[in-house]
Structures are given as structure tokens and as C-alpha cells.
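Residue-level structure breakdown
Residue strings, one per chain:
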Amino acid sequence: GSSGRTQVDLRLAETLNNAVTTADRVPIWKGTLKIVGDFPLFGVGLGSWSDIFPRYHSAPWSAELWNQTHNDYLQLAAETGLIGFVLLGWAFVGGARTLYRRAIQVRSSSRMPIVAALVSGMATTLFHEFVDFPLQIPANALLFTLFFALTLRMVNGARRQEVIGQP
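This section reports on the structure supplied with the text. All of these numbers come straight from a predicted model, not from anything done at the bench. (Residues numbered from 1 in each chain as written. Predicted model: local features only at pLDDT ≥ 70, side-chain atom pairs only at ≥ 80, totals over all residues. Heavy atoms only, no water.)

**Some remarks on the environment of leucine 146**
Following the sequence through the fold, leucine 146 ends up in helix α6 (residues 138-164). By relative accessible area, which is 44% here, leucine 146 ends up partly exposed. A C-alpha to C-alpha distance of 9.5 Å links leucine 146 and leucine 118, two positions 28 residues apart in sequence. (Helix = DSSP H or I, 4+ residues; strand = E, 2+ residues; numbered from the N terminus. Buried < 20%, exposed > 50% of the residue type's maximum accessible area, 1.4 Å probe, protein only.)

Below, the structure is given as C-alpha cells:
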């Protein structure tokens, strides 16, 4: 009804008025890089970015309180240091290599369109991490994990069927 449309309009207007732009994010990213420079190996500790960042924020200052960097890669590097960042990157690259190798082996499988869709969903989320923090939302992290697990299961299952000779 009309009251529902009014509520939706108000919510959309609030979202558009409070949108964080790239121009808003750049000073935050620069300050975060300073944190990485000061704490390069071990970082400031998981969940500590919002406590440490006010000491690194440079002009122009705003009245807004920043709880996230709006770039999970930078925030991870600041909180875990380069050691944690490299370890997580190593895990992601290892998983991606495994998926790629197994998918190449079974590319003629009827499951490949679904595998491609799942990989596209994961790639989109990883790209979104550059300008936001979607994997810090538990539902998104669970969905990403399920996509990854399903993709691995599908390429493994297709490979087994190909080895056995089943369609």
C-alpha cells in the first residue's frame, strides 16, 4: 500500500543521502596504508582498526565515525600485518589454483555452466571487497563459503565420473 511505498521511499532517500563515495574513501585508505607502514609484520590486531584509525586520519576531517576502511584487503593488512595478509592470500590462491586445475580437467562436463556461475559469484564478491566489506557480514561469508565448497564438490564429482566413464 501507500504507507509501504512511503517507507521504501524514505529508506532509499536515506541510503542515497548517506552514500559513501570514492572521494570519501581515499583519505581513509591513505590513513590505513600509514597504519600498515607503522605495523608491517603483525598489524594492530583483528578488530582494532576502528580504535587505531583516528590517530592516522588526516585532513580533511569529517564528523563521521569510520568503523571500516571500505576495503577489506587494506583493513586485513592493517589488522593482521603482511604476515596475515600473505597467509590469507596464499590460501585463496591455493584454492583458486585447485579449482582451476580440476575445472580444466572436466571442462566438457555438463556441470561446467553451474561451476562457471559459482566462480563468477565468488569473483564478484572478491572484487566488491575493494570498495566495501561484504564478507564481514556473516550471511555473505557463509554464502561465499558455500559457493566455494559447492564448486570444489562439483569439479571433484565431475572428475570422478569422467575417470569412471559415467556421463
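**Describing the layout of surface pockets**
By volume, the largest pocket is sized at about 730 Å³. Taken together, 33 residues make up the lining of the largest pocket; nearest its centre are Phe92, Val93, Met122, Leu126 and Phe144. Looking at the lining of the largest pocket residue by residue, the classes come out as 23 nonpolar, six polar and four charged. (1 Å grid on protein atoms, 1.4 Å probe; cavity = no way out; pocket = protein on both sides within 12 Å on 5 of 7 lines; lining within 4 Å. Points joined across faces, edges and corners; volume = space filled by probe spheres on them. Nonpolar A, V, L, I, M, F, W, Y, C, P; charged D, E, K, R; others polar.)

**Thoughts on the packing of aromatic side chains**
Applying the stated rule across the entire model yields four aromatic pairs. Between the aromatic rings of phenylalanine 92 and phenylalanine 144, the centroid separation amounts to 6.1 Å while the plane-to-plane angle is 65°, which identifies the pairing as edge-to-face. Taken together, the residues phenylalanine 92 in helix α4 (residues 72-105) and phenylalanine 144 in helix α6 connect sequence positions 52 residues apart. Among the residues examined, phenylalanine 92 registers a relative accessible area of 36% and is labelled partly exposed. (Phe/Tyr/Trp six-rings, centres within 6.5 Å; stacked < 30°, edge-to-face > 60°.)

**Overview of the side chain of threonine 69**
Along the chain, threonine 69 turns up in the loop between α3 (49-52) and α4. A residue is classified by how much of its surface remains accessible, and threonine 69, at 0% relative accessible area, is buried. Of note is the side chain of threonine 69, whose polar atom sits 2.6 Å from the backbone oxygen of asparagine 71. When neighbours within four sequence positions are excluded, threonine 69 is seen to be in contact with Ile28, Trp29, Thr32, Trp49 and Gln75. (Polar contact = N/O pair within 3.5 Å; in protein donor to acceptor, adjacent residues only side chain to side chain. Contact = heavy atoms within 4.5 Å.)

**Here's the deal with α4**
The end-to-end C-alpha separation of α4 is 33 Å, well short of the 50 Å expected for 34 residues at 1.5 Å each. Of all the bends found along α4, the most pronounced is centred on glycine 81 and spans about 125°. All of the buried residues along α4 are Asp72, Leu74, Gln75, Ala77, Ala78, Glu79, Thr80, Gly81, Gly84, Gly95, Leu99 and Ala103. A side-chain oxygen of the first residue of α4 lies 3.0 Å from the backbone nitrogen of tyrosine 73; this N-cap is asparagine 71. (Expected span 1.5 Å × (residues − 1). Bend = angle between axes of the 7 residues up to and from the residue.)

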